[in-house]
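Each chain, written out:
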Amino acid sequence: MRLISSPSTLARWVRAALALGGLALLTGCDLNFWTMKGHQSTIDVDGPVAKAQLHVFYVTCWVTLVIFLIVGSVLAYAILKFRARTDADEHAEPPEQGHGNPLIELGLIGASVLALVIIAIPTIEAIGYTYDVPAEDKATAFEVNATAYQWWFKFEYPSEQIAGAGPLVAANELVIPVGRAVHINLRAMDVIHSFWVPKLAGKVDMIPNRGNFLWLKAETPGYYWGQCAEYCGDSHAVMRFRVIALGPRDFNEWVNRQTAPAREVAKVAAADQPKAQFASYRSDWKRNEKGWSPEFELNPFQGWQAQQEPDANHENPALIAQGRALFQSKTCFSCHVIRGHMVGGSGAYPDLTHVGARSTIAAGLLENTPEQLARWISHPDQVKPGNKMYATGYIPNNIKLTPDDVAALVAYLRSLK
Ligand code: HEC
Ligand SMILES: [Cu+2]
């Protein structure tokens, strides 16, 4: 109790707690406090849109730093110079008060206007530049539609039409060509969400029944973290996505694979093939625990690239065929499209035609490994609170999966490269 006996010690404890809390928050955001680097750093950015926005931030910072130094020094000077030195000082009458000095007042107004103008010029410039694709980039711009659902993202590529199926559709991973302006139409199907890839561009809201858009450009091939930035319900905090920027050749290859129908795996006698390598998900995984391995965290771009290739040596065609049948009998197909394999699904749920080629599942929450897939489909409710797959599918359809079912479904989903 002695520790908080006086008000000033209490104040010291409160300050220490606040400082610790702030540090914990910063590390929670996975931003390095000293280098300002991190998956979602707005200080360590790529591409002209994010750079223009960062420039405005720095201009504002410098101007306010100068103001802080001037006001701070005057304040410090006054505090030291006019402090009470003796007991008599402390009880003395206040000195005669001044009543305005036109020169100082006009000077301060002038200085404030100047500071605002210095900030306003680059701000207005950046607003104009970041609003829409600039004229010189229009000809080569790439168009994408992004639609937000509680709690995942759908990406449509209007320029990549598939005969009889409309535009190419993917979920939660937006693949874009590097060095080209990307114009993204933003839509929402239920509530207001917000589209934010901190390293590439500032956030823009996705509003039901109201078209919105933004543009961005990646200059370096890579893997960028995105996040819904407008509170949208139970799983808002884990409504994420990724942007993967690829060079022209890789991008074309990706489009070719994605526009093809779901992969077929030739049937071979089950006895010749390796057994499933896992029975179920790890029961010691906690709710919402981070879903990726240290290797993936270290180089997710390589992880994503490795995920594109089918791993024919470790596939079990009989198990895959079993999984494909289960996908139908367990009613998964009533929500999810697997183009070319079965008729069903609707645009309102993640397209799974090439789910095996994604690096993450459940909207960027879990790394797409066999174990995490097993974890997701056996207990979606334990991973993502309120998710619609569980609430509107598993509960009403009474979907129950045995460990064998899970192994077969995982083998099937993994084969969909
Ligand atoms: C009621 C519709 C519905 C049913 C039935 C359903 N799902 Fe889903 N599924 C969803 C929704 C919605 C999501 C997105 C959840 C989220 O991320 O919030 C999803 C996500 C997924 C994902 C992750 C996709 C990604 O890229 O993030 C996989 C894999 C999946 N479901 C597999 C299955 C399997 C296997 C079954 C059958 C056992 C099934 N689903 C049944 C609606 C459904
Ligand atoms: Cu959201």
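Quick caveat: nothing in here was measured; it's all calculated off a predicted structure.

What counts and how
- Residues numbered from 1 in each chain as written.
- Chains lettered and ligands numbered in written order.
- Predicted model: local features only at pLDDT ≥ 70, side-chain atom pairs only at ≥ 80, totals over all residues.
- Heavy atoms only, no water.
- Near = heavy atom within 4 Å.
- Polar contact = N/O pair within 3.5 Å; in protein donor to acceptor, adjacent residues only side chain to side chain.
- Helix = DSSP H or I, 4+ residues; strand = E, 2+ residues; numbered from the N terminus.
- Nonpolar A, V, L, I, M, F, W, Y, C, P; charged D, E, K, R; others polar.
- Donors = N, O, S within 2.8 Å, 3.2 Å for Na, K, Ca; no water.
- Buried < 20%, exposed > 50% of the residue type's maximum accessible area, 1.4 Å probe, protein only.
- Pairing = 2+ DSSP bridges.
- Axes fitted to C-alpha atoms, helices over the stretch in contact; angles between N-to-C directions.
- Parallel < 35°, antiparallel > 145°, perpendicular 65-115°, else oblique.
- Contact = heavy atoms within 4.5 Å.
- Core = buried A, V, L, I, M, F, W, Y, C linked by side-chain atoms within 4.5 Å.
- Domains from an automatic or database assignment.
- Tetrahedral: all angles 85-135°; square planar, octahedral: opposite > 155°, others 65-115°.

Participant: Report on the site of ligand 1, specifying residues and quantitative values.
Facilitator: For ligand 1, the set of nearby residues contains 26 residues, the closest of which are C332, C335, H336, A362 and M389. One nitrogen or oxygen atom from the side chain of N172 is found 3.1 Å from an oxygen atom belonging to ligand 1. At 2.8 Å, a side-chain N or O of K384 approaches an oxygen atom of ligand 1. Listing elements by their share of the shell around ligand 1, those giving two or more residues are α10 (370-378) and α12 (388-394). Looking at the shell around ligand 1 element by element, the count peaks at five residues for α12. Partitioned by chemical class, the residues of the shell around ligand 1 number 17 nonpolar, six polar and three charged.

Participant: If you had to explain the coordination of the copper ion (ligand 2) to someone new, which residues and values would you point to?
Facilitator: Within the protein, H193 (ND1), C228 (SG), C232 (SG) and M239 (SD) serve as the donor atoms for the copper ion (ligand 2), at 2.1 to 2.6 Å. Each donor residue of the copper ion (ligand 2) belongs to the same chain, with the gaps between them written as H-x34-C-x3-C-x6-M. Taken together, the residues span a long stretch of sequence, with H193 in strand β6 (residues 193-197) and C232 in the loop between β9 (222-228) and β10 (240-246) at a distance of 39 residues. When its relative accessible area of 5% is taken as the criterion, C232 is described as buried.

Participant: Residues and numbers for the sheet that holds strand β2 (residues 152-162), please.
Facilitator: Taken in spatial order, the five strands make up an open sheet running β3-β2-β1-β5-β8, and their pairing is mixed. Both edges of this open sheet fall to β3 (166-171) and β8 (212-216), since each of them pairs with a single strand only. If you compare each strand with its neighbour and ignore which way they point, the axes differ by 30 degrees on average. Bridge analysis of strand β5 (residues 182-188) against β8 gives five bridges, and the strand direction is antiparallel. Bridge pairing in β8 links N185 to F213.

Participant: Lay out the packing of helix α2 (residues 48-81) against helix α4 (residues 102-131) in plain terms, naming residues and giving numbers.
Facilitator: Packing of α2 against α4 leaves a shortest axis separation of 10 Å and a crossing angle of 170 degrees. Judged by the inter-axis angle, α2 sits roughly antiparallel to α4. Contacts between α2 and α4 involve P48, V49, A52, Q53, H55, V56, V59, T60, V63 and I67 from the former and A115, I118, I119, P122, T123, A126, Y129 and T130 from the latter.

Participant: Run through the nonpolar core, naming residues and quoting values.
Facilitator: Looking at soluble globular proteins, one finds that nonpolar side chains tend to be buried together. Membership of the largest hydrophobic core comes to 49 residues, with the highest contact counts inside it found for Y157, F195 and L216. With five residues, the top contributor of residues to this core is β10. Looking at which domains feed residues into this core, each of domain 2 (136-259) and domain 3 (270-415) supplies at least three. If you look at the next biggest cluster of nonpolar residues, it comprises 30 residues, including I320, I338, I361 and V383.

Participant: Can you break down the coordination of the iron atom of ligand 1 residue by residue, with the values?
Facilitator: On the protein side, the iron atom of ligand 1 has H336 (NE2) and M389 (SD) as donor atoms, found 2.0 to 2.1 Å from it. Around the iron atom of ligand 1, the six donor atoms sit at angles spanning 86 to 179 degrees, and that spread fits a shape best called octahedral. A residue pair is termed long-range when its members are at least 10 positions apart, and H336 in the loop between α9 (317-329) and β11 (360-361) and M389 in helix α12 qualify at 53 residues.

Geometric values such as these leave the question of function open.
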